[in-house]
Amino acid sequence: MKLKDSVAIVTGSSSGIGAAIARLFAEHGCHVVINFSNNEEGARTVASECEKHGVKTLVYRANVAEDSECRAMVDATLEQFGRVDILVNNAGTTRFCNHNNLDGLSKQDFLDLYEVNTIGPYQMTRAAENALRANGSGHIINMASIAGLAGIGSSIAYAASKGALITMTRSLARVMGPEVRVNAVCPGFVQGEWLKKGLGEDNYNVLLEKTKAAAPLNDTASPETVADVCLGLIIGGDLTTGETILIDGGAHLGAAPVRR
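Keep in mind the model is a prediction, meaning the values are calculated, not measured.

Q: Would you mind going over the side chain of Thr 57 with me for this structure?
A: Counting through the fold element by element, Thr 57 comes out in strand S3 (residues 57-61). Within polar-contact distance, the side chain of Thr 57 engages the side chain of Glu 51 at 2.5 Å. If we ignore the near neighbours within four places in the chain, the residues touching Thr 57 are Val 32, Ala 47, Cys 50, Glu 51, Gln 80 and Phe 81.

Here it is in structure tokens:
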């Protein structure tokens, strides 16, 4: 699939990974819908950066947990661009809670995370289904996490919501083909303000260095490296669907043998 003159909706793209994906797609000639729920200033900054590459953007406020807002965003995209080729379900949220603290999470915490991290991508997929199928070569990327595979991360509720998203990716890949490919990417530790804010700067720096040291590639993901993998799936993965791609420098492999 070629990105030039395609149209991508990237949810949660006012900062972090979503912003990096939007900017990279724009560099390759893709028109981009910049979605935000609160950070309008950030979204407009990202849109301005994208437009420097000669593409058009649509900045759209929507909460993916609300089905009506998902449908309205797709309708607005079709009104402006006439098509949807790519959907990146990147919008996500978490609740930081030590896994040992079972009393630290409420029923509502789980529901809050599931409605954004799991139900949101489903609702966006449903809203965009017809448009994605119409082009015969649509692609959906779900932003999951290594937490969903390993049961780790910011909280048990977060890991559970991302695990459900990975399973849903496989289900959707079966029913959306052959016109639409559906894949998930699973970053590990992602460098940036989101984790720094959640963990606190000192804890963030300690964990960053430990994670780098444990990874065979001696590095962790950044928003830009995650965006690179998404780009590769779009332009070089025509026969790849229902897959889950890890982006963690090999940290999931565990301890390596001593090198001689």
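Once the structure has been displayed, the description carries forward.
Q: Which parts of the structure should I look at to understand the layout of surface pockets?
A: What the largest pocket holds in volume is close to 1,600 Å³. What lines the largest pocket is a set of 49 residues, and nearest its centre among them are Gly 92, Thr 93, Tyr 158, Trp 194 and Leu 195. Taken together, the elements giving at least two residues each to the lining of the largest pocket come down to helix H1 (16-27), strand S2 (31-36), helix H7 (156-176), helix H8 (193-199) and helix H9 (201-214). No other element matches the five residues that H8 contributes to the lining of the largest pocket.

Q: Quick question: what am I supposed to make of the nonpolar core here?
A: A general feature of soluble globular proteins is that nonpolar side chains tend to end up buried together. With 36 residues, the main nonpolar core has Ile 21, Phe 25, Ile 34, Ile 86 and Cys 230 as its most contacted residues. Contributing elements (two or more residues each) for this core: strand S1 (7-10), H1, S2, helix H2 (40-51), strand S4 (86-89), strand S5 (138-143) and helix H10 (223-236). Top contributing element to this core by residue count: H1, with eight residues. Listed in part, the 33 residues of the second largest apolar core include Val 33, Leu 58, Ala 128 and Cys 186.

Q: Whenever I open this one, the packing of helix H5 (residues 119-134) against H7 confuses me. Can you help?
A: A pair of packed helices is captured by two measures, namely the crossing angle of their axes and the spacing between those axes. At their nearest, the axes of H5 and H7 sit 12 Å apart, and the two run at 20° to each other. The angle between H5 and H7 places the two elements in the roughly parallel class. In this structure, H5 meets H7 at a crossing whose hand is right-handed. Residues Pro 121, Tyr 122, Thr 125, Glu 129 and Arg 133 of H5 form the contact with H7, whose own contacting residues are Leu 165, Met 168, Leu 172, Val 175 and Met 176. Among the residues forming the contact of H5 with H7, the class breakdown is seven nonpolar, one polar and two charged.

Q: I'm lost on the packing of helix H3 (residues 67-81) against H5 in this one. Help?
A: Across the interface, H3 lies against H5 with an axial gap of 9 Å and an inter-helix angle of 35°. The way H3 lies across H5 gives a crossing that is right-handed. From H3, Asp 67, Cys 70, Arg 71, Met 73, Val 74 and Leu 78 reach across to H5, where they touch Gly 120, Gln 123, Met 124, Arg 126, Ala 127, Ala 128 and Ala 131. Of the residues contributing to the contact of H3 with H5, the split by class is eight nonpolar, two polar and three charged.

Each value, and the rule that gives it
- Residues numbered from 1 in each chain as written.
- Predicted model: local features only at pLDDT ≥ 70, side-chain atom pairs only at ≥ 80, totals over all residues.
- Heavy atoms only, no water.
- Helix = DSSP H or I, 4+ residues; strand = E, 2+ residues; numbered from the N terminus.
- Polar contact = N/O pair within 3.5 Å; in protein donor to acceptor, adjacent residues only side chain to side chain.
- Contact = heavy atoms within 4.5 Å.
- 1 Å grid on protein atoms, 1.4 Å probe; cavity = no way out; pocket = protein on both sides within 12 Å on 5 of 7 lines; lining within 4 Å.
- Points joined across faces, edges and corners; volume = space filled by probe spheres on them.
- Core = buried A, V, L, I, M, F, W, Y, C linked by side-chain atoms within 4.5 Å.
- Buried < 20%, exposed > 50% of the residue type's maximum accessible area, 1.4 Å probe, protein only.
- Axes fitted to C-alpha atoms, helices over the stretch in contact; angles between N-to-C directions.
- Parallel < 35°, antiparallel > 145°, perpendicular 65-115°, else oblique.
- Left-handed = near helix turned anticlockwise from the far one by under 90°.
- Nonpolar A, V, L, I, M, F, W, Y, C, P; charged D, E, K, R; others polar.

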